Each structure stands twice: as structure tokens, then as C-alpha cells.
Amino acid sequence: ELISLVTRIKNKALELHKTNPLLKNSLDYITYNLKPYAFLKTKIEILRRTEYCLYHTETAQANLADFGVHKIKRGMTIYVHGYSSSVVDLLLKAKSLGIPFEVVTTESHPYFTGYLLASILAKNDIHVNYYADLALRLAIKRSDIVLLGADTISEQGQVFSSIGSELVAEIA
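Just so you know, these numbers come straight off a predicted model, no measurement behind them.

Participant: Can you help me understand the overall build of the chain in this one?
Facilitator: A count of helices and strands for the chain gives seven helices and six strands. The secondary structure elements of the chain, listed N-terminal to C-terminal, are α-α-α-β-α-β-α-β-α-β-β-β-α. Summarising its shape, the C-alpha atoms of the chain cover approximately 60 × 35 × 35 Å along the three principal directions. Residues classed as buried in the chain amount to 34% of the 172 residues present. Sequence-distant contacts, at least 24 apart, represent 63% of the contacts inside the chain between residues at least 6 apart. In the form shown here, the chain has an accessible surface area of approximately 11,100 Å², with 58% of it arising from carbon and sulfur atoms. Positive and negative side-chain charges in the chain, numbering 19 and 17 respectively, have mean positions lying 3 Å apart.

Right, dumping it as C-alpha cells:
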């Protein structure tokens, strides 16, 4: 019964957040090969796996922000493609250090992840210029640096990211 409930919650979360690979990977890890133990043993295993995912995510994102914040210079215009929680953390860290910058982004169809990014940054008093996807080239040309999130990095070093990321890299 507990495994069935957790599986239903996982499926609903993935349905609501189709573009979030971190969520999918974390939920896959938490629910992978759960055994129908006694209720308490299953609950403890789910909690252990959840704590591990939270710790790993928080430390990885903090480390990325610490590393990347040194790339942000005073007065920069930064193009961000779509939404990446790691990129948001990096930008919030730069703001907390008092580094003035502005962000340029595009809509990022089909899920409007650029709009999500712009909304979060605007709520944190970061200036954002929001462009239609058709103005991608213009948005990038007016930027000093481009930041992309990565969904996956393979063992061979291949980077997989959201639709349009390869085009953004070529224009940049």
C-alpha cells in the first residue's frame, strides 16, 4: 500500500513537471526496486533515499554556484536559455555578493521555461529582459555571457540540455 501511494505521487509529480530531469532522476532513485517489506522498513528506506537525494542536490547546486559566480562580472548582461535551478542559484549568489548584472532570456517554448526563469529572477529584484523565441539571436548578441543548464552529462562528456541549447551555443 505504501509503495503504491509513493508510486502514484511520483507519477503525478512527473506529470506536473515534465521538463525537470533532476526531479525524475531523484524519484526514480527513491522508488527503484522497493521491496514490499513491513511498513516501517519500507518507510525508513524511502526516507533514507529521500534524504540522500536532498543532500546531494543541495550540495551539488551550492558547489556549482560557488564555482560559477566568479564568471559573473559587474555590469554584465547574461543570456540564460530556459530554466535551470542551478543557474538560478548561481545568479542569486551573484546578487547576494552585490554584483550588478542583468539577465536576458527568451520564452523557451513549448513550456515557457524562460518565463518561469524571468518570474523568479524578477521576484528577487534581478533585472530581466524577456524576448520572444524568434528574437533569440538578438538576445544572445546583446549578452556578454551565456549560461545553460544541463539535464545530463554523459560519461563521454556529451551534454544534453533543453531544446535549442545547441543553437544557443552555436550563436554564442
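Participant: Where do I start with the pattern of salt bridges in this structure?
Facilitator: Two side chains bearing opposite charge may form a pair once their charged atoms approach each other closely. Tallied over the entire structure, the rule returns six salt bridges. Note that Lys24 and Asp28 form a salt bridge whose closest N and O atoms lie 2.6 Å from each other. You can see Lys24 and its partner Asp28 sitting in helix 2 (residues 21-31), four residues apart, about one turn around the helix. Under the relative-accessibility criterion, Asp28 is labelled partly exposed at 26%. The shortest N-O distance in the salt bridge between Lys93 and Asp66 comes to 2.7 Å. Residue Lys93 is found in helix 4 (residues 85-96), and its partner Asp66 is found in helix 3 (residues 39-68); the two are separated by 27 residues along the sequence. On the basis of relative accessible area, Asp66 is assigned to the partly exposed category, the value being 36%. Beyond isolated ion pairs, a larger network of salt bridges with shared partners links Lys10, Lys24 and Asp28.

Participant: I'm lost on the packing of helix 1 (residues 2-16) against helix 2 in this one. Help?
Facilitator: Helix-helix packing is characterised by the crossing angle of the two axes and by the distance between the axes. For the pair helix 1 and helix 2, the least separation of the axes is 10 Å and the interaxial angle reads 170 degrees. Here helix 2 runs roughly antiparallel to helix 1, going by the angle between their axes. Here Val6, Lys10, Ala13 and Leu14 of helix 1 lie close against helix 2, whose contacting residues are Leu23, Lys24, Leu27, Asp28 and Thr31. Across the contact of helix 1 with helix 2, the residue classes tally to five nonpolar, one polar and three charged.

Cut-offs used in this document
- Residues numbered from 1 in each chain as written.
- Predicted model: local features only at pLDDT ≥ 70, side-chain atom pairs only at ≥ 80, totals over all residues.
- Heavy atoms only, no water.
- Helix = DSSP H or I, 4+ residues; strand = E, 2+ residues; numbered from the N terminus.
- Buried < 20%, exposed > 50% of the residue type's maximum accessible area, 1.4 Å probe, protein only.
- Contact = heavy atoms within 4.5 Å.
- Areas by Shrake-Rupley, 256 points an atom, 1.4 Å probe, with all protein chains shown as cover.
- Lys, Arg positive; Asp, Glu negative; His and termini not counted.
- Charge placed at Lys NZ, Arg CZ, Asp CG, Glu CD.
- Salt bridge = Lys/Arg side-chain N within 4 Å of Asp/Glu carboxyl O.
- Axes fitted to C-alpha atoms, helices over the stretch in contact; angles between N-to-C directions.
- Parallel < 35°, antiparallel > 145°, perpendicular 65-115°, else oblique.
- Nonpolar A, V, L, I, M, F, W, Y, C, P; charged D, E, K, R; others polar.

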